[in-house]
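# Chain and residue survey
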Amino acid sequence: MVKKTYEELESENRLLHAMFDVVSDGAYAVSVDGTVLFYNKAFEKMEGTTRSQMVGKKDFDVYPGFENFQRHVVCKNPEPLRDQHMTYTSISGKKVDIVYNSYPFFQDGKLSAVISIGRDKPSINELVTMVLNSFNSKKSNRVTNGTIYTLEDIIGSSTVIRQTLKQARKMAQSQSTVMLVGETGTGKELFAQGIHNASPYKSRPFIAVNCAAIPETLMESLMMGTVKGAFSGALDTPGFFEQAENGTLFLDEINSLSISLQAKLLRLLQDKKIRRLGDNKERKISCRIISATNQDLFALAKSGLFREDLLYRLTPVIADIPPLRERLEDIPLLAREFVDRFNDELALNIKIISQDLMQLFLYYRWPGNVRELEHIIESAMSLAENTETILSREHLPRMLKKRLMSDQTKSGSSDSEAGANKSLAELLRQYEKETIENALILKNGNVSQCAIQLGITRQNLHYHLRRHGIKAVLYKAQSVGDATDSPVP
Ligand SMILES: Nc1ncnc2c1ncn2[C@@H]1O[C@H](COP(=O)(O)OP(=O)(O)OP(=O)(O)O)[C@@H](O)[C@H]1O
């Protein structure tokens, strides 16, 4: 074997260092006696240090107070250590939260060093969010802080929803604790994400916790976090409060928290500090709390099911999200959005919703609110053919049609009764009028777009508008409410 010269070895060494400095993972090597041998740029960035502060120093000097060096573990059992999580403060005072793998390095058959390759967890979370977001290219404004929606994604032209949006924009400018109140499916999570994304701390994490979905036995450790060894299998893991540092912690369905967890949450909010399970160190809570409930917490408090003192801590600011039946004018806009979405997802070509189906929508009580409307449109569209352009009652699965029809008595006579005594010419004329009106609703009264949707020229549409006595201006976003404001109780 040809021996390399000193210059060649030095040049090779420089090349390897340069290579390691351009990779995004942190690379670190330490000798068995703890001397830091190698420390790349990615690690400098993660720990807020410089190579000169680290290389040549002993690890116990540059990581003071550390007990669980991966070096000790690998020296004891010289095998790769994979997917280890660690949270610590570097000598620069920066909080570091990493996932790393460590490997033994042998020279002449003897363990001589331990190599670690690490990546900070926030960047892993960002990566996961990016991958998830790439699956849904429709939303171009997806952000990588744990959210999908901004306030601009909230659809609705009703006065009440516009007022709620205005209120939400104001809330976003403060750090006040907010409670979102509304029936299931009204869009509370959308508002929570929207408020976060309109706030000055929008680049910080948004951590959503569904209090109803997490078992009580796990909730405390997930909220507070754990330190390694706190209980068997426990790792150094930050809790929800820490993960949401300087961002937002969204506590969804807070009404389902047990009384004992309510007491613990109250104490955290009062002390503004948390202590991870098994730790003796306290950490400051520095996130905004947004909670949401679909039940009347004041009534629950009265009956002893929700702590009054916690309720007052959570409700300095309350936003009421109205049920869909109280904002009927939002239905055509929401329906149009969902039709567009499922046209893309199901490769369909639906252009309008028939008047009879829209009528069902307008008279239904929507106990599941916007989520239910979304699901009903999805169900109906999944039965449509890609040659069809009109979504009608006939597309509804039988069970859904029955459910929607059950509220229709309020609308007076049914269509079949109304049509029974009409001639074919009258029925066709009525259908034509309803189709045009529906297209105007869906296109917000925009005549050009409406003509495109109906597949006729603008002039032809104007002719039909005059013939049926339809005033397109009444269908502009502002006046949709007037046009559809039917005598629904
Ligand atoms: N104004 C809106 N514009 C667009 N989509 C909406 C709107 N409101 C709700 N949605 C849609 O409805 C669904 C339910 O919304 P979300 O999860 O925010 O409701 P929620 O009030 O938090 O429900 P729950 O109380 O059951 O958790 C989501 O798919 C959301 O995209």
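What you see is a predicted model; the values in this text were computed from it and never measured.

## Considerations on the pattern of salt bridges
Taken as a whole and assessed by the stated rule, the structure comprises 24 salt bridges. For Glu 220, the salt bridge identified is with Lys 264, shortest N-O distance 3.1 Å. In this pair, Glu 220 sits in helix 9 (residues 216–224) while Lys 264 sits in helix 11 (residues 259–271), placing the two residues 44 residues apart along the sequence. Residue class for Lys 264 comes out partly exposed when judged on its relative accessible area of 30%.

## Quick look at the site of the ligand
The full set close to the ligand counts 18 residues, and Ile 155, Thr 184, Gly 185, Lys 188 and Glu 374 are the nearest of them. Tyr 149 is positioned with one of its side-chain polar atoms (N or O) 3.2 Å from an oxygen atom of the ligand. Between Glu 189 and the ligand, the recorded distance is 3.1 Å, taken from a backbone N or O atom to an oxygen atom. Expressed as a share of its isolated accessible area of 640 Å², the protein-covered part of the ligand is 89%. Each residue belonging to the shell around the ligand can be placed in one class, and the counts come to six nonpolar, five polar and seven charged. Shared between two domains, the shell around the ligand holds at least three residues of each, these being domain 2 (136–322) and domain 3 (326–484).

## Here's the deal with a negative patch on the surface
The grouping of Asp 340, Asp 344, Glu 345 and Glu 378 at the surface amounts to a negative patch. The greatest single-element share of the negative patch, amounting to three residues, is contributed by helix 14 (residues 330–346). Within the secondary structure, Asp 340 sits in helix 14.

## A closer look at the packing of helix 14 against helix 16 (residues 369–382)
Running from N to C, helix 14 and helix 16 cross one another at 45°; their axes reach a closest spacing of 9 Å. What the angle tells us is that helix 14 and helix 16 run oblique. Read as a crossing pair, helix 14 and helix 16 show a hand that is right-handed. Across the interface between the two elements, Ile 331, Leu 334, Ala 335, Phe 338, Val 339, Arg 341, Phe 342, Asn 343 and Leu 346 of helix 14 pack against Val 370, Leu 373, Glu 374, Ile 377, Glu 378, Met 381 and Ser 382 of helix 16. Residue composition of the contact of helix 14 with helix 16, by class: 11 nonpolar, two polar and three charged.

## Some remarks on a nonpolar patch on the surface
Taken together, the side chains of Leu 15, Leu 16, Met 19, Phe 20, Val 22 and Val 23 define a hydrophobic patch exposed on the protein surface, amounting to about 560 Å² of accessible area. If you trace the backbone, Met 19 turns up in helix 1 (residues 6–22). By relative accessible area, which is 47% here, Met 19 ends up partly exposed.

## What to know about the packing of aromatic side chains
Enumeration according to the criterion identifies 11 aromatic pairs in this entry. On the numbers, 6.5 Å between centres and 65° between planes, the contact of Tyr 63 with Phe 69 is edge-to-face. Looking at Tyr 63, the relative accessible area reads 7%, which means it is buried. The structure contains a cluster of three or more aromatic residues connected by ring pairs, namely Tyr 28, Tyr 39, Phe 43, Tyr 63, Phe 69 and Tyr 88. Above the face of the Phe 69 ring, Arg 71 is positioned so that its terminal group lies 5.8 Å from the ring centre.

## Comments concerning the sheet that holds strand 10 (residues 248–252)
If you walk across this open sheet you meet the five strands as 7-10-13-6-14, and the pairing is parallel. Every other strand in the sheet has two partners, leaving strand 7 (206–210) and strand 14 (317–320) as the edge strands with one partner each. If you compare each strand with its neighbour and ignore which way they point, the axes differ by 20° on average. Bridge analysis of strand 10 against strand 13 (residues 288–293) gives four bridges, and the strand direction is parallel. Bridging from a neighbouring strand, Leu 251 pairs with Ser 291 of strand 13.

## Quick look at the pairing of strand 3 (residues 81–89)
By the bridge criterion, seven bridges tie strand 3 to strand 4 (residues 95–107) in an arrangement that is antiparallel. Within the sheet, the bridge partner assigned to Met 86 lies in strand 4 and is Ile 98. Taken together, strand 3 and the strand that follows it, strand 4, pair antiparallel across an intervening segment of five residues, in which Gly 93 is found at a positive phi of about 90°.

## Here we look at unusual backbone geometry
A positive phi angle is found at Asn 246, which is not glycine, with a value near 60°. When you line up the elements, Asn 246 lands in the loop between helix 10 (240–243) and strand 10. Using a relative accessible area of 37% as the deciding quantity, one classes Asn 246 as partly exposed. Positive phi, normally seen in glycine, also occurs at Trp 366, with a value near 50°.

## Quick word on the confidence of the model for the protein
When pLDDT is averaged along the protein, the result is 84, and 87% of the positions lie at 70 or above. Throughout residues 410–419 the model reports pLDDT below 50, and contacts reaching past four residues in sequence, or to other chains, amount to 11 contacts.

## Here we look at the side chain of Gln 193
Assignment of secondary structure puts Gln 193 in helix 8 (residues 188–197). Residue Gln 193 is classed as buried on the basis of its relative accessible area, which comes to 5%. Each residue touching Gln 193, except ones within four places of it in the same chain, is listed here: Thr 147, Ile 148, Tyr 149 and Phe 206.

## A few points about helix 11
With 13 residues, helix 11 should cover 18 Å at 1.5 Å per step; its first-to-last C-alpha distance of 18 Å lies within 8% of that length. All buried positions along helix 11 are accounted for by Leu 261, Gln 262, Leu 265, Leu 266, Leu 268 and Leu 269. Projection of helix 11 onto a plane perpendicular to its axis shows the buried side chains occupying an angular sector of 160°, all on one side. Those residues of helix 11 that are buried lie in contact with helix 9, helix 10, strand 10, strand 11 (273–274), strand 13 and helix 13 (308–314). Just past helix 11, the residue Lys 272 takes up positive phi, approximately 55°.

## Digging into the sheet that holds strand 1 (residues 26–31)
Within the open sheet, the five strands sit side by side as 2-1-5-4-3. Their pairing is antiparallel. Each edge of the open sheet is held by one strand with a lone partner, namely strand 2 (36–39) and strand 3. Taking each pair of neighbouring strands and ignoring which way they run, the sheet shows an average axis angle of 25°. Looking at chain direction, strand 1 and strand 5 (residues 110–120) are connected through six bridges and run antiparallel. Residue pairing across strands places Tyr 28 opposite Ser 116, the latter belonging to strand 5.

Each value, and the rule that gives it
- Residues numbered from 1 in each chain as written.
- Predicted model: local features only at pLDDT ≥ 70, side-chain atom pairs only at ≥ 80, totals over all residues.
- Heavy atoms only, no water.
- Salt bridge = Lys/Arg side-chain N within 4 Å of Asp/Glu carboxyl O.
- Helix = DSSP H or I, 4+ residues; strand = E, 2+ residues; numbered from the N terminus.
- Buried < 20%, exposed > 50% of the residue type's maximum accessible area, 1.4 Å probe, protein only.
- Near = heavy atom within 4 Å.
- Polar contact = N/O pair within 3.5 Å; in protein donor to acceptor, adjacent residues only side chain to side chain.
- Areas by Shrake-Rupley, 256 points an atom, 1.4 Å probe, with all protein chains shown as cover.
- Nonpolar A, V, L, I, M, F, W, Y, C, P; charged D, E, K, R; others polar.
- Domains from an automatic or database assignment.
- Patch = residues over 30% accessible without salt bridge, like charges linked within 9 Å, V, L, I, M, F, W, Y side chains within 5 Å.
- Lys, Arg positive; Asp, Glu negative; His and termini not counted.
- Charge placed at Lys NZ, Arg CZ, Asp CG, Glu CD.
- Axes fitted to C-alpha atoms, helices over the stretch in contact; angles between N-to-C directions.
- Parallel < 35°, antiparallel > 145°, perpendicular 65-115°, else oblique.
- Left-handed = near helix turned anticlockwise from the far one by under 90°.
- Contact = heavy atoms within 4.5 Å.
- Phe/Tyr/Trp six-rings, centres within 6.5 Å; stacked < 30°, edge-to-face > 60°.
- Lys NZ or Arg CZ within 6 Å of the ring centre and 35° of its normal.
- Pairing = 2+ DSSP bridges.
- pLDDT = per-residue confidence, 0-100.
- Expected span 1.5 Å × (residues − 1).
- Arc of directions from axis to C-beta.

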